[in-house]
Structure formats: C-alpha cells, structure tokens
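Breakdown of the fold
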Amino acid sequence: MDSTAAAAQAPVLLVTNDDGIDAPGLRFLVDQLVAARRYRVLVCAPDTDKSGVSHCITWRPALRCKRVDISGATAFGVSGTPADCTSLGISGKLFDGVVPDLVLSGINIGNNCGYHVIYSGTVAGAREAFLYGIPAIAMSYDWVAGQSSGNELKMSAEVCMPLINTIVTEIKNGTYPKGSFLNVDVPTDAAHHKGYKITKQGTYMARISWEQTVYKKPAVESYQTANMDVDGEKDSELVTPAENDLLFKRVIVGRSSDGVEGEDMDHKSLADGYITVTPLGALSRTEPDAIPYFKACVSRL
C-alpha cells in the first residue's frame, strides 16, 4: 500500500478548543497526534479566545474561515464558537467531504470539573459532536497560576495519548458506546499523575461575584495571561468609561468544598492526582427524589 492510500485509510481526528487556534494546549495536542504517525489530523478552532461561551452558536452571520499553517495538519481558524467549529468540522463541507472518526476538544488551560462543564466551551466542542453521533473527548489541564508551566501543559497532551489511542481502537472495532462523550481533566502535576480514573460529574464550582473596576485587565485568566506571552502593561491599562457607564469585573469569592463529595467525583479525584475520565450526556437531569415533590406541588395548583 502506498503512502497516499495509507493516509486515506488512517483514522481522522478533528481538533477544536475554546482558547483559540493559537493556544499552546491545542498546538501541543496536535503535535502529539501528528507525531504518532497513525492519524489524519484536522483542526477547526476559533480564531480568537472563546473561553466560557458554553454551547453558544452563531445563527445569523456567516462564519469566516481562514487557513492556518500547522505542521502535519489541515487547519482553519473560524470566526465562531467552539460548537460552531465542531459543527462545521464534522459537516463534510470544510474538509472536502471528510467526516472525522473522533473529535478532540482542548487541551484547555484550567480544569472543567463539576458545574463548570455548563460554562465550558471546551466541553461544548465535544458535546456538539456527540449530539451528531460522533465520538468526542473534551480535555483540560488543571493549570495553577504561579505553579504550572508550558512544559506541564505539554505533558498533559502526552498523558492523554494512551486514552485517545484506545478510544480510536474501540471505534475502529465497533465496540465504542454511543450514549456518552468523555470529559477528561489532567492534574496539575501531570508528569506524576496516579493514572486514569473513571469519575462522576460532581458539584464543584468557583463562586463568582462582581467588583467595580477602572482597569482593562481581564478578570479571568486565559492562556494569554497564564504566564504565557503576557504583556502586563497592556492588560492593566486604565480605561475611561463613557459618562454614566460603570465597569465591573468577575471575581472569585470562594469554591465549593470537595469534602462533601465522594471519592469517585471528578474534582476530588483530580485534586488527588488522577487523570479523571467523566462520561457525560447531553441532558441535565434533576435528582430522582425531587420528582415526587414537584408532582405534589403541581397537583395542588
């Protein structure tokens, strides 16, 4: 079999993210996939940082797509959200009729555990593929400001490769289940993780409030402000709002306690040093014991 025929039969992986196509987490992941020399790698990711946009989609405006040079991959930066990028990437319209076997979203800077999966554009990139019947994995690294480094982020891509390879084999064998997609979080000390652990989505959440500000500096850390390519002076410049306008920024005022969660929950296991693998679905269900309560309430109306 010649190289062209072999490439045509290689599993096709689509990579997206929410940090943007220039984000190091995505680039490290693509580097690993290309170096494996067993995949055809496609990239369709936002052309700017779209962190925290959840499953937002672009409905009316047309999306602008621009080729991006990423060695070993066919890549486009897109003017839309992570969900947009996945939707376009799996449609067969962008990549000349090619539909991926697996969608990978990440690697995100910052964990996506517990209730944070609701806000996460990274998770939405994987969920969008799942909605259309394509296997998907969202991947995040538990970045800690002042402690984490680019090398650890690169290592997080490396330690995800065994899982990716296994999932691709399951897909090829026709044994991969279709009822969920995976949300993976890599611990801060990626090089010394304790192994993979199947976990449940917990209730962990950073509690947010607001403070009035006169600075332009972003309120939430992204890859551009996580000790990578930082221009502190630019980010901290004063701004003068229009008369009667007020500026407010998000601030973290607390975090939910892992003490109330079991050992099999995602954030507790991540904090203990495991690579957490949490199967997720598209639906948000209430606790079973809430159903009788609301039935009783409605019956009294």
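Because the structure is predicted, anything quoted here is derived from the model rather than measured.

**Observations regarding the overall build of the chain**
A count of helices and strands for the chain gives eight helices and eleven strands. The contacts of the chain with a sequence gap of at least 6 include a subset with a gap of at least 24, amounting to 80%. Taken as a whole, the chain presents about 16,200 Å² of accessible surface, with 52% of it coming from carbon and sulfur.

**Details of helix α3 (residues 82-90)**
Among the nine residues in α3, seven count as buried, and that is most of the element. Along α3, the positions that sit buried rather than exposed are P82, A83, D84, C85, T86, G89 and I90. The elements touched by buried residues of α3 are β1 (12-16), β2 (40-46), β4 (73-78), β5 (102-109) and α4 (121-131).

**Side note on the packing of aromatic side chains**
Per the stated rule, a full pass over the model turns up four aromatic pairs. Seen from their ring centres, F130 and F181 are 5.5 Å apart, and the 45° between their planes marks the pair as tilted. Note that F130 is positioned in helix α4 and F181 in strand β7 (residues 181-186), a separation of 51 residues in sequence. Side by side, F130 and F181 carry an identical accessibility label, which is buried. Aromatic pair Y141 and W143: ring centres 6.2 Å apart, planes at 85°, arrangement edge-to-face. Exposure remark for W143: the relative accessible area of 9% places this residue in the buried category. Lying across the ring of Y274, K197 places its NZ or CZ 4.8 Å from the centre.

**Regarding a nonpolar patch on the surface**
Together, I208, W210, L246, F248 and I252 give the surface a local cluster of nonpolar side chains, amounting to about 530 Å² of exposed area. Mapped onto the nonpolar patch, the elements with two or more residues apiece are β9 (206-212) and β10 (248-255). Tracing the sequence through the fold places F248 in strand β10.

**What about the pattern of salt bridges?**
Counted according to the given criterion, the structure contains five salt bridges. Notably, a salt bridge pairs D47 with R64, separated by 3.0 Å at the nearest N-O pair. Taken together, the positions of D47 in the loop between β2 and β3 (65-68) and R64 in the loop between β2 and β3 put the pair 17 residues apart, joining distant regions of the chain. Given the relative accessible area of 27%, D47 is considered partly exposed. Residue R64 is classed as exposed on the basis of its relative accessible area of 54%.

Basis of the calculations
Residues numbered from 1 in each chain as written. Predicted model: local features only at pLDDT ≥ 70, side-chain atom pairs only at ≥ 80, totals over all residues. Heavy atoms only, no water. Helix = DSSP H or I, 4+ residues; strand = E, 2+ residues; numbered from the N terminus. Contact = heavy atoms within 4.5 Å. Areas by Shrake-Rupley, 256 points an atom, 1.4 Å probe, with all protein chains shown as cover. Buried < 20%, exposed > 50% of the residue type's maximum accessible area, 1.4 Å probe, protein only. Phe/Tyr/Trp six-rings, centres within 6.5 Å; stacked < 30°, edge-to-face > 60°. Lys NZ or Arg CZ within 6 Å of the ring centre and 35° of its normal. Patch = residues over 30% accessible without salt bridge, like charges linked within 9 Å, V, L, I, M, F, W, Y side chains within 5 Å. Salt bridge = Lys/Arg side-chain N within 4 Å of Asp/Glu carboxyl O.

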